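What follows is each chain in one-letter form.
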Amino acid sequence: MSQNIRKLDVKVPAVAESAYAITIGRGMLGRLWGQIRDRWPALNPFIVTDAELVKAGHLKTLLGNESVPSFVIEPAGEVSKHIQTVVAIVEEMEKNILGRDSIVVSLGGGTVGDIAGFAAAIFKRGVPVIQIPTTTVSQADSSVGGKTGVDSSVSKNAFGAFWQPEAVYIDVETLMTLDDRQYRAGLVESVKHAAIRDKDYFEFFETNINAILDKDMAVLEKIAYTNCRIKAEVVAEDPTEKNLRRILNYGHTIGHAVESASGFELLHGESVGIGMIAAGKIEQRLGLVADNRLERIKELLLKLGMPTTIPTALDKQRLIELLRKDKKAVGSWPRFILLESLGTTFCKEGQWAHEVSQDTVEKCLDELYE
Ligand code: GLY
């Protein structure tokens, strides 16, 4: 019997270019709800936040006395960043008879933003999301750029989607109630931006470290603006991380492994700081270093109160195993983002992520144990 194979081409119109505004200020949370209502009058809002944000009073500040369907993630933090939370959010939206004319409003840190963004991406095949980040991590990094997702039992962010927000509102005053350890650790994403793209910004951090640790709001506004400028430049050029956007993973490859191996005892920023030192050790071993950048990065991390060594309790073989499972691994081994100098990322033959042998990585890890 002859097989009659026929083929058709499906032409999908180019996805329209989209843009969204990031609004940065202080003390604007209490005025935001009216603006959101005015700007999206036809959409039904659904809020996703977490128990810590409710406790800190931020949900009340946002809504005043208005009652809006919402989901409070409990417990707050990475332990809730799994698919069951997303299922619960979607079902809560359904119970509130929300349809495709809804808009998810994410109020919280990186975990809330990642979960809420992913729920928005999959609810009824996708509804818009507004990000209102309230932590140093989420204001610097996760609220901008459209990465959303949750962890599987095997690895971080195994479920995910690129889902750009409709708008981002950054109120640096929300950082005033943030726990000090979280506050400091989140600043590592800002140090990352400085290290990969902007030496002047790195020097601003060095010079203003006391004002930063004192939560000077004018300084925090400048930091929020600079982070978003750097991230927006990178994401605009490579929204789905084909090449350039990988530079935002500087410190994250080993950082994610350390974070997971610690059972999330180490915070994301603390782990990324260790990953940045590890990247510096790799640069040294590969002969890419002719300056004192590693010392400067390490000193800045120490001033932020970050660990700069790997706790002995974290087994090296476990780290290697996690590196093999990294979602960006090619042939079961990840590529690494390295610096060329302070403020410039190393690029070779147009590629920003580089092959580094397992042996080299293991030697660098050995040097990093306490
Ligand atoms: N956090 C890295 C990125 O958004 O690509």
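We now turn to the structure provided with this report. This structure is a prediction, so every number in the text was calculated from the model and none was measured.

## Considering the overall build of the protein chain
Here comes step 1: Counting its regular elements, the protein chain contains 16 helices and ten strands.
Here comes step 2: Over its C-alpha atoms the protein chain spans a radius of gyration of 21 Å, differing by no more than 12% from the 21 Å that the globule rule assigns to 370 residues.
Here comes step 3: With the C-alpha coordinates of the protein chain rotated into their principal frame, the extents come out at 75 × 60 × 35 Å.
Here comes step 4: Scored against the burial criterion, the 370 residues of the protein chain give a buried share of 53%.
Here comes step 5: Excluding contacts between residues fewer than 6 apart, the proportion of contacts in the protein chain whose partners are at least 24 apart in sequence is 74%.
Here comes step 6: As displayed, the protein chain has an accessible area near 17100 Å², and 50% of this comes from carbon and sulfur atoms.
Here comes step 7: Side chains of the protein chain carry 43 positive and 50 negative charges; the gap between the two charge centres is 5 Å.

## Some words on the site of the ligand
Here comes step 1: Within the structure, the ligand sits among Asp141, Lys147, Lys231, Glu241, Arg245 and Leu248.
Here comes step 2: At a separation of 3.0 Å, a nitrogen atom of the ligand approaches a polar side-chain atom of aspartate 141.
Here comes step 3: The contact in question runs from an oxygen atom of the ligand to an N or O atom on the side chain of arginine 245, over 2.8 Å.
Here comes step 4: The fraction of the free accessible surface of the ligand (200 Å²) that becomes covered by protein chains is 90%.
Here comes step 5: Residues that form the shell around the ligand fall into these classes: one nonpolar, no polar and five charged.

## Here's the deal with the environment of leucine 323
Here comes step 1: Assignment of secondary structure puts leucine 323 in helix H15 (residues 316-324).
Here comes step 2: Given a relative accessible area of 1%, leucine 323 falls into the buried group.
Here comes step 3: A C-alpha to C-alpha distance of 9.7 Å links leucine 323 and glutamine 358, two positions 35 residues apart in sequence.
Here comes step 4: Not counting residues within four places of it along the chain, the set of residues in contact with leucine 323 comprises Thr253, Ile254, Ala257, Ala329, Trp333, Pro334 and Val361.

## Here's the deal with the packing of helix H8 (residues 188-197) against helix H9 (residues 199-207)
Here comes step 1: Contact geometry for H8 and H9: axes closest at 6 Å, N-to-C directions at 140 degrees. Classified by the angle their axes make, H8 and H9 are oblique. Residues Ser190, Val191, His193, Ala194, Ala195 and Arg197 of H8 form the contact with H9, whose participating residues are Lys199, Tyr201, Phe202 and Phe205.

## A few points about the side chain of serine 138
Here comes step 1: Within the fold, serine 138 resides in helix H6 (residues 136-142).
Here comes step 2: A relative accessible area of 2% means that serine 138 is categorised as buried.
Here comes step 3: Excluding anything up to four places from it in sequence, serine 138 contacts Gly108, Gly109, Gly110, Pro133 and Ser143.

## Some details on the pattern of salt bridges
Here comes step 1: For the coordinates displayed, the defined rule picks out 29 salt bridges.
Here comes step 2: Residue arginine 296 pairs with glutamate 203 through a salt bridge whose shortest N-O separation is 3.1 Å. Residue arginine 296 is located in helix H14 (residues 293-303), and its partner glutamate 203 is located in helix H9; the two are separated by 93 residues in the primary sequence.
Here comes step 3: Glutamate 203 gets classed as partly exposed once you look at its relative accessible area, which sits at 28%.
Here comes step 4: Taken together, the shared-partner salt bridges connect Asp141, Glu189, Lys192 and Lys231 into one network.

## Observations concerning the packing of aromatic side chains
Here comes step 1: Counted according to the given criterion, the structure contains two aromatic pairs.
Here comes step 2: Taken together, a centroid distance of 6.4 Å and an interplanar angle of 50 degrees make the contact between tryptophan 333 and phenylalanine 336 tilted.
Here comes step 3: Residue tryptophan 333 is classed as buried on the basis of its relative accessible area, which comes to 12%.
Here comes step 4: A relative accessible area of 4% places phenylalanine 336 in the buried class.
Here comes step 5: When the ring centre of tyrosine 183 is taken as reference, the NZ or CZ atom of lysine 215 above it lies at 4.7 Å.
Here comes step 6: Taking NZ or CZ as reference, lysine 222 lies 4.9 Å from the ring centre of phenylalanine 204, over its face.

## Focus on the side chain of histidine 193
Here comes step 1: In this structure, histidine 193 sits in helix H8.
Here comes step 2: Reaching out from histidine 193, the side chain makes a polar contact with the side chain of asparagine 227 at a distance of 3.1 Å.
Here comes step 3: Here histidine 193 is in contact with Ala140, Asp198, Tyr201, Asn227, Ile230, Lys231 and Leu248, once residues within four sequence places are set aside.

## What about the sheet that holds strand E2 (residues 44-50)?
Here comes step 1: An order of E1-E8-E5-E4-E2-E3 is seen for the six strands of this open sheet, with the pairing classed as parallel. At either margin of the open sheet sits one strand with a lone partner, and together these are strand E1 (21-25) and strand E3 (70-73). Direction aside, neighbouring strands of the sheet carry axes that sit 15 degrees apart on average.
Here comes step 2: Strand direction decides the pairing type here: strand E4 (residues 102-108) and strand E5 (residues 129-133), joined by five bridges, are parallel. Within E5, the position partnered with leucine 107 by the bridge is isoleucine 132.
Here comes step 3: Sitting on the sheet, helix H4 (residues 83-95) is in contact with E2, E3 and E4, with an inclination near 160 degrees to E3.
Here comes step 4: Across the sheet, helix H11 (residues 217-237) touches E1 and strand E8 (167-171), and the angle it forms with E1 is around 165 degrees.

Definitions and limits used
Residues numbered from 1 in each chain as written. Predicted model: local features only at pLDDT ≥ 70, side-chain atom pairs only at ≥ 80, totals over all residues. Heavy atoms only, no water. Helix = DSSP H or I, 4+ residues; strand = E, 2+ residues; numbered from the N terminus. Rg over C-alpha atoms; globule rule 2.2 N^0.38 Å. Buried < 20%, exposed > 50% of the residue type's maximum accessible area, 1.4 Å probe, protein only. Contact = heavy atoms within 4.5 Å. Areas by Shrake-Rupley, 256 points an atom, 1.4 Å probe, with all protein chains shown as cover. Lys, Arg positive; Asp, Glu negative; His and termini not counted. Charge placed at Lys NZ, Arg CZ, Asp CG, Glu CD. Near = heavy atom within 4 Å. Polar contact = N/O pair within 3.5 Å; in protein donor to acceptor, adjacent residues only side chain to side chain. Nonpolar A, V, L, I, M, F, W, Y, C, P; charged D, E, K, R; others polar. Axes fitted to C-alpha atoms, helices over the stretch in contact; angles between N-to-C directions. Parallel < 35°, antiparallel > 145°, perpendicular 65-115°, else oblique. Salt bridge = Lys/Arg side-chain N within 4 Å of Asp/Glu carboxyl O. Phe/Tyr/Trp six-rings, centres within 6.5 Å; stacked < 30°, edge-to-face > 60°. Lys NZ or Arg CZ within 6 Å of the ring centre and 35° of its normal. Pairing = 2+ DSSP bridges.

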